[in-house]
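If you want the building blocks of each chain, they are given just below.
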Amino acid sequence: MSAANLWVLLGLGLAGIFLASRRRKKGIKEDFGAFIERIQLLPPPQPSPPKAPHPLTGLTFAIKELFDIEGYVTGFGNPDWRRTHEPAVRTAPVVTFVVQGGATCVGRTVMDEMAYSLYGENKHYGTPTNPAAPSRIPGGSSSGSAVAVAAELVDFALGTDTGASVRVPAAFCGILGFRPSHGVVSTIGVVPMAQSFDTVGLFARDPNILRHVGHILLQLPFMEYRQPRRIIIADDCFQVTDIPNDRTVNVVTRSTEKFLGRQVLNHISLGKYLATKVPSLKYFQNEEESRNGEGGVSALKALSSALILLQRYEFKMNHEEWINSVKPDFGPGISTRVRAALETNNENIGHCLKARDETREAINGLLKVSIPVGQHDKCPLAVSMMARHGGDRFLLDTVRAMYPTLQEEVKIASSTQPTTTINGKMEAADIAKEKGNAAYKDKQWQRAINFYSEAIKLNGKNATYYSNRAAAYLELGSFAQAEEDCSVAIGLDKKD
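Residues numbered from 1 in each chain as written. Predicted model: local features only at pLDDT ≥ 70, side-chain atom pairs only at ≥ 80, totals over all residues. Heavy atoms only, no water.

1. Concerning helix α3 (residues 93-100)
1) Next: For α3, the full list of buried residues reads V94, V95, V98 and V99. An end-on view of α3 places all buried positions within 135° of arc, on one side of the element.
2) Next: The inward-facing, buried residues of α3 abut β2 (35-41), β3 (60-64), β5 (156-161), β7 (199-204) and α6 (207-218).
3) Next: Where α3 terminates, the next one or two residues include G102, which has phi positive at roughly 115°. (Buried < 20%, exposed > 50% of the residue type's maximum accessible area, 1.4 Å probe, protein only. Helix = DSSP H or I, 4+ residues; strand = E, 2+ residues; numbered from the N terminus. Arc of directions from axis to C-beta. Contact = heavy atoms within 4.5 Å.)

2. Some points on the environment of D392
1) Next: Residue placement: D392 occurs in helix α14 (residues 392-415).
2) Next: What makes D392 buried here is its relative accessible area of 1%.
3) Next: Along the backbone, D392 and S181 are 211 residues apart, and their C-alpha atoms lie at a distance of 6.6 Å.
4) Next: In this structure, D392 is in contact with F178, P180, S181, V184, L218 and L367, ignoring residues within four places of it in sequence.
5) Next: Within the structure, the side chain of D392 is placed 2.7 Å from the backbone nitrogen of S181, a separation counted as a polar contact. (Polar contact = N/O pair within 3.5 Å; in protein donor to acceptor, adjacent residues only side chain to side chain.)

3. A closer look at the packing of helix α8 (residues 249-259) against α14
1) Next: Here α8 crosses α14 at 130°, and the two axes come no closer than 9 Å. In this view, α8 runs oblique relative to α14, as classed from their interaxial angle. As α8 packs across α14, the resulting crossing turns out to be right-handed. Two secondary-structure elements touch here, α8 through V251, V252, R254, S255, T256, K258 and F259 and α14 through A401, M402, T405, L406, E409, V410, I412 and A413. (Axes fitted to C-alpha atoms, helices over the stretch in contact; angles between N-to-C directions. Parallel < 35°, antiparallel > 145°, perpendicular 65-115°, else oblique. Left-handed = near helix turned anticlockwise from the far one by under 90°.)

4. Describing the packing of helix α16 (residues 445-458) against helix α17 (residues 463-476)
When two helices pack together, their arrangement is given by the angle between their axes and by how far apart the axes lie.
1) Next: The contact between α16 and α17 brings their axes to 9 Å, and the two run at 155°. On the basis of their axis angle, the class for α16 and α17 is roughly antiparallel. The chirality of how α16 crosses α17 is left-handed. Contacts from W445, Q446, A448, I449, Y452, S453, A455 and I456 in α16 reach Y465, Y466, N468, R469, A472, Y473, E475 and L476 in α17.
2) Next: Partitioning the contact of α16 with α17 into residue classes produces eleven nonpolar, three polar and two charged. (Nonpolar A, V, L, I, M, F, W, Y, C, P; charged D, E, K, R; others polar.)

5. Structural notes on the side chain of T160
1) Next: The residue T160 is located in strand β5 in this model.
2) Next: Among the residues examined, T160 registers a relative accessible area of 7% and is labelled buried.
3) Next: Looking at T160, its side chain comes within polar contact range of the side chain of K64, at 2.7 Å.
4) Next: Filtering out sequence-adjacent residues up to four positions away, T160 remains in contact with K64, L66, F67, S142, S165, V166, V190, T199, V200 and G201.

Honestly, that's just the spatial picture; any functional story needs more than this.
Shown next, in the form of structure tokens:
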């Protein structure tokens with residue numbers, strides 16, 4: 001994948017709908033519960049004219065409580081960790097970079113214990129309140145950093161992203177979240193979780209600030225912006241949700257057509273692509289799903305399984321000795337995950353490492369920006385854009401350039417409502433049918449049947465839905481069901 005290519009996924013809006021359904025009933029604190037403690041790191045004096053002022057002058061930021069600050073104990077989200085560690089002797093370079101760039105650090109933020117959750121909950125310090133959906137969880141593990149930005153307490157914040165710990169809370173809280181290329185931004189002075197995936201991430205409300213701070217973190221020379229030559233839509237990532245396409249992929253499509261032209265758009269099944277390009281995933285795949293024509297879905301699940309196993313193993317290597325020695329007090333969810341990690345052995349790690357390396361070679365891009373695209377059912381919704389490894393500046397520049405057009409399309413989509421309930425159901429049924437067609441095209445027969453059944457439930461008077469489902473049933477050898485659907489379809493056609 002060249003530097004001028006972008007992949008678009010159903011980022012974490014999907015997670016925002018399902019995971020954020022966990023409701024919270026606690027009151028809202030003045031600072032939304034975002035901070036563990038307030039500190040102040042001041043930038044150096046401004047240079048004398050005619051030299052330009054520091055690029056981040058006037059901006060404030062917060063940091064997740066796993067970045068070292070000279071003279072402070074790095075707490076890692078757990079009081080026992082704080083109690084058993086000494087103050088840091090030097091500040092993490094990434095924090096120094098942004099302070100020297102002119103920004104002022106105002107505090108350290110709440111995080112999930114040991115960065116081992118995507119919920120954003122902490123039994124010791126409390127769960128920060130999601131400003132975009134106060135009754136829902138904020139997402140984690142960089143929960144406080146995301147909340148501080150979303151609540152406009154700071155201009156930007158630093159977090160870490162191992163398995164989506166920046167992208168999830170950014171999506172849940174309706175702000176921008178940037179995961180850079182692995183290994184590009186220094187992780188010195190950052191408590192590790194799993195080094196194969198650990199990255200320093202960034203939150204902001206404004207794409208210009210995201211870009212400015214990102215450039216400081218990347219420490220790269222100036223380059224002219226190049227427009228994408230291709231934008232690749234991962235269609236199967238949008239098929240796993242019942243969110244209308246008009247609120248997700250169509251927003252991106254229309255924005256791209258306005259900004260770059262229709263010729264740059266391409267479509268792909270990410271799961272199917274990975275199934276062919278990452279042969280080691282077969283070791284983790286579900287054979288039944290593969291036989292049923294759901295190889296793409298099976299490949300995505302297999303990749304998730306391999307990476308989760310590798311993450312557990314690396315977490316164990318990093319922290320097993322401390323956990324067994326201190327026996328820290330963890331919240332219930334964290335306890336379960338830590339126990340699973342400590343029980344992991346190295347039996348399948350070779351296969352995990354191979355899957356990781358093949359995936360990086362196949363996609364060549366694990367850096368992403370989570371971009372808010374309005375709300376669905378009163379929950380923030382987001383998509384992700386991804387570029388090749390090392391294309392960080394290109395991705396940040398592209399997000400900044402496309403963002404105004406994208407938000408215009410979000411407003412149009414949000415204001416466009418079906419005129420009647422009947423029309424709304426017919427539209428939803430047609431969307432389900434299109435998802436079924438896409439699944440059928442990818443030979444995912446059972447998934448296609450599920451979507452056609454959903455369409456029939458919404459509008460049982462459309463013969464096409466029945467005939468399409470019959471075709472999928474035939475592929476699975478379910479002849480009785482196929483015959484029944486064909487009979488219904490013929491009957492409906494005669495009525496018309």
